[in-house]
Amino acid sequence: MKERLVAKRLINIILMLFLTFAFTLAVGYLHGIYPDDLLSFVWIDVIFFALFVFVLEHSRAEKKIYGNRATNFGKITIGYALAAVLAGAGSFLPEFLRPALFVAVFLTAFCPRELALSIGLFFNTMLCLMLGGGMQELALYVLFTLFGCMLADAMETNRTQFWYDMIILCMSTMLPGIFYYLCYREVELRLFLYGVIEGIVLVVFLLLFYHRLAAAKKAELLTLLEDMLDDTYPLARDLAGFSRAEYQHARRVSRAAKKCAAVVGADEAVCAAAGFYYRIGIIEGDSIVENGILLAQKACFPEDVTRIISEYNGEQTLPSTVESAIVHMVDGLIKKMEVLDGQHTISSQWNKDMIIYQTLNDFSSNGIYDQSGLGMNMFLKIREYLAKEEALL
């Protein structure tokens, strides 16, 4: 599937670049950093951001940024902005007490772990460099970033909150004092007190807000897929305006594909959305595949849906997932049924069942699903289900 530059994705990348420069210039100005030093820090920004965009695009290509490229890039931008604000505000706190752990946890709520780690290390390292922090302080912030990302990521899948909270409280209490001692060879009791306060604040945040943010990150894709099937969704309106018959066909494919997905444990929401927009390219004329991909990418469809559209009818690429195989199967079958219904060929349930069996067997024997991961047992379950009249209503 050919990649195209999507405007919303580009806007978010530009916003993050602006935030990077804004962070460096603001901290430099507020702390009286000399212009020549500030220029050096700006060049570091440029180098970091070039590498960051590479990592960002690699994560998207590897499907580590789930779902929709516009909304998820928007979430990453929000996390990036919060990290910049927290790091900038932390520049006014005493050494060894800047909120590196906060930055890491906030970022992991909005970004994949690799991206959260990259951004957190950058902001915390830059803060240390710009404010003249020593090796011990830098080591503390690096460890806080690593530990924060690891713990926050683990909390998304494990509900044993108590032990994570205790670990975070212990880290924020003990580590600043330990690294201060390694630097100055003296004990500073106030660091332990401030560490307790910071740990309590972070634990309260984790208890009250973190799981909600993490859940929202995952739930957003499902919400988007549901919105795409609403009659008021722009492309749905365009399809209805183009052809009522095509719109009704899309609805039938969407409903049947969702039911078939449920039968074999595939992603029902993806099948429903992809089934509805499988032939969306038809509103722009030939080629259906190329136009469908273009419309899907312009509308920032979820990656899984866009890929299924790019595999329409196996014309350019064979179905590569179970969901894509299901949509292809259902669309091809319903197209044939609609043609035969128009010719009044189907006169009995027996004829209908025979057509379903013959059509699906032809698809399977042609090897079109060989790369999809659709096993024979799954195929048989779907075929039997589609033989029931209610599955196509």
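First, a word on what this report is: a plain description of the structure on this page. Computed from a predicted structure; not experimentally measured. (Residues numbered from 1 in each chain as written. Predicted model: local features only at pLDDT ≥ 70, side-chain atom pairs only at ≥ 80, totals over all residues. Heavy atoms only, no water.)

Focus: the overall build of the protein
Along the protein, the regular secondary structure elements total 16 helices and zero strands. Residues classed as buried in the protein amount to 49% of the 393 residues present. Considering only residue pairs separated by 6 or more positions, the protein has 72% of its internal contacts joining residues 24 or more positions apart. When the accessible surface of the protein is totalled, it reaches about 18400 Å², and 64% of it is carbon and sulfur. (Helix = DSSP H or I, 4+ residues; strand = E, 2+ residues; numbered from the N terminus. Buried < 20%, exposed > 50% of the residue type's maximum accessible area, 1.4 Å probe, protein only. Contact = heavy atoms within 4.5 Å. Areas by Shrake-Rupley, 256 points an atom, 1.4 Å probe, with all protein chains shown as cover.)

Regarding the environment of R307
Mapping R307 onto the fold places it in helix 13 (residues 303-310). Owing to a relative accessible area of 30%, R307 belongs among the partly exposed residues under this scheme. Note: C-alpha distance between R307 and I293 (14 residues apart in sequence) is 8.0 Å.

Some points on helix 12 (residues 288-298)
Helical geometry: 3.6 residues make up each α-helical turn, so side chains three or four residues apart lie on a common side. Among the 11 residues that make up helix 12, eight are buried, leaving the element largely enclosed by the rest of the structure. Restricting attention to buried positions, one finds in helix 12 the residues I288, V289, N291, G292, I293, L295, A296 and Q297. One or two residues past the end of helix 12 sits C300, with phi positive at roughly 55°.

Topic: the pattern of salt bridges
Applying the stated criterion across every chain yields a total of six salt bridges. In this structure, E188 engages R190 in a salt bridge whose closest nitrogen and oxygen atoms are separated by 3.5 Å. E188 sits in the partly exposed class, given a relative accessible area of 21%. Exposure remark for R190: the relative accessible area of 35% places this residue in the partly exposed category. Across the pair D331 and K335 runs a salt bridge whose closest N-O atoms are separated by 3.5 Å. Note that D331 and K335 are positioned in helix 14 (residues 322-342) at a spacing of four residues, about one turn of the helix. (Salt bridge = Lys/Arg side-chain N within 4 Å of Asp/Glu carboxyl O.)

Structural notes on helix 1 (residues 7-30)
A rise of 1.5 Å per residue sets the reference length of helix 1, with its 24 residues, at 34 Å; its end C-alpha atoms lie 34 Å apart and thus fit the reference within 8%. For helix 1, every residue scored as buried is listed here: R9, N12, I13, M16, L19, T20, F23, T24, V27 and G28. A positive backbone phi angle near 65° is found at G32, which sits one or two residues after helix 1. (Expected span 1.5 Å × (residues − 1).)

So, the environment of T223
Here T223 is to be found in helix 8 (residues 189-228). For T223, a relative accessible area of 40% translates into the label partly exposed. Distance in space between the C-alpha atoms of T223 and A269 is 9.5 Å, their sequence separation being 46 residues.

Some points on the packing of aromatic side chains
Counted according to the given criterion, the structure contains 16 aromatic pairs. Ring centres 5.3 Å apart and planes at 70° place the aromatic pair Y80 and F123 in the edge-to-face group. One end of the pair, Y80, is in helix 3 (residues 69-90); the other, F123, is in helix 5 (residues 113-130), with 43 residues separating them in the sequence. These aromatic residues form a ring-pair network of at least three members: F23, F48, F49, F52, Y80, F122 and F123. (Phe/Tyr/Trp six-rings, centres within 6.5 Å; stacked < 30°, edge-to-face > 60°.)

Looking at the packing of helix 10 (residues 244-264) against helix 11 (residues 268-276)
Following both chains from N to C, one finds helix 10 and helix 11 inclined at 160°, their axes separated by 7 Å at the closest point. Considering the angle they form, helix 10 stands roughly antiparallel to helix 11. Both helix 10 and helix 11 take part in a crossing whose hand is right-handed. On helix 11, the residues that touch Y247, A250, R251, V253, S254, A257, K258, A261 and A262 of helix 10 are E268, C271, A272, G275 and F276. Grouping the amino acids of the contact of helix 10 with helix 11 by side-chain chemistry returns nine nonpolar, two polar and three charged. (Axes fitted to C-alpha atoms, helices over the stretch in contact; angles between N-to-C directions. Parallel < 35°, antiparallel > 145°, perpendicular 65-115°, else oblique. Left-handed = near helix turned anticlockwise from the far one by under 90°. Nonpolar A, V, L, I, M, F, W, Y, C, P; charged D, E, K, R; others polar.)

Considering the packing of helix 1 against helix 5
To characterise two packed helices, one gives the angle between the axes of the helices and the distance between these axes. Taken N-terminus to C-terminus, the directions of helix 1 and helix 5 make an angle of 25°; their axes are 11 Å apart at the nearest point. Compared by their axis directions, helix 1 and helix 5 come out roughly parallel. As for the relative orientation of helix 1 and helix 5, their crossing is right-handed in sense. Contacts between helix 1 and helix 5 involve T20, F23, T24, V27 and G28 from the first element and F122, F123, M126, L127 and M130 from the second. Classifying every residue of the contact of helix 1 with helix 5 gives seven nonpolar, three polar and no charged.

Here we look at unusual backbone geometry
We note that F96 has phi near 70°; this positive angle belongs to a residue other than glycine. In this structure, F96 sits in the loop between helix 3 and helix 4 (100-110). Even without being a glycine, N313 presents a positive backbone phi close to 60°. With respect to the helices, strands and loops of the structure, N313 is situated in the loop between helix 13 and helix 14.

A look at the environment of A154
Considering the arrangement of structural elements, one finds A154 in helix 6 (residues 135-155). The exposure class assigned to A154 is partly exposed, which follows from its relative accessible area of 24%. Expressed as a C-alpha distance, the spacing of A154 and Y164, which sit 10 residues apart in the sequence, is 8.9 Å.

Considerations on the nonpolar core
Formed by 58 residues in total, the largest nonpolar core has its most connected members in F52, Y80 and F123. For this core, the secondary-structure elements that each account for two or more residues are helix 1, helix 2 (35-61), helix 3, helix 4, helix 5, helix 6, helix 7 (161-184) and helix 8. In terms of residues, this core owes the most to one element, helix 4, which gives 10 residues. Those residues in contact with F123, other than ones at most four positions away along the chain, are F23, Y80, A83, A84 and A87. (Core = buried A, V, L, I, M, F, W, Y, C linked by side-chain atoms within 4.5 Å.)

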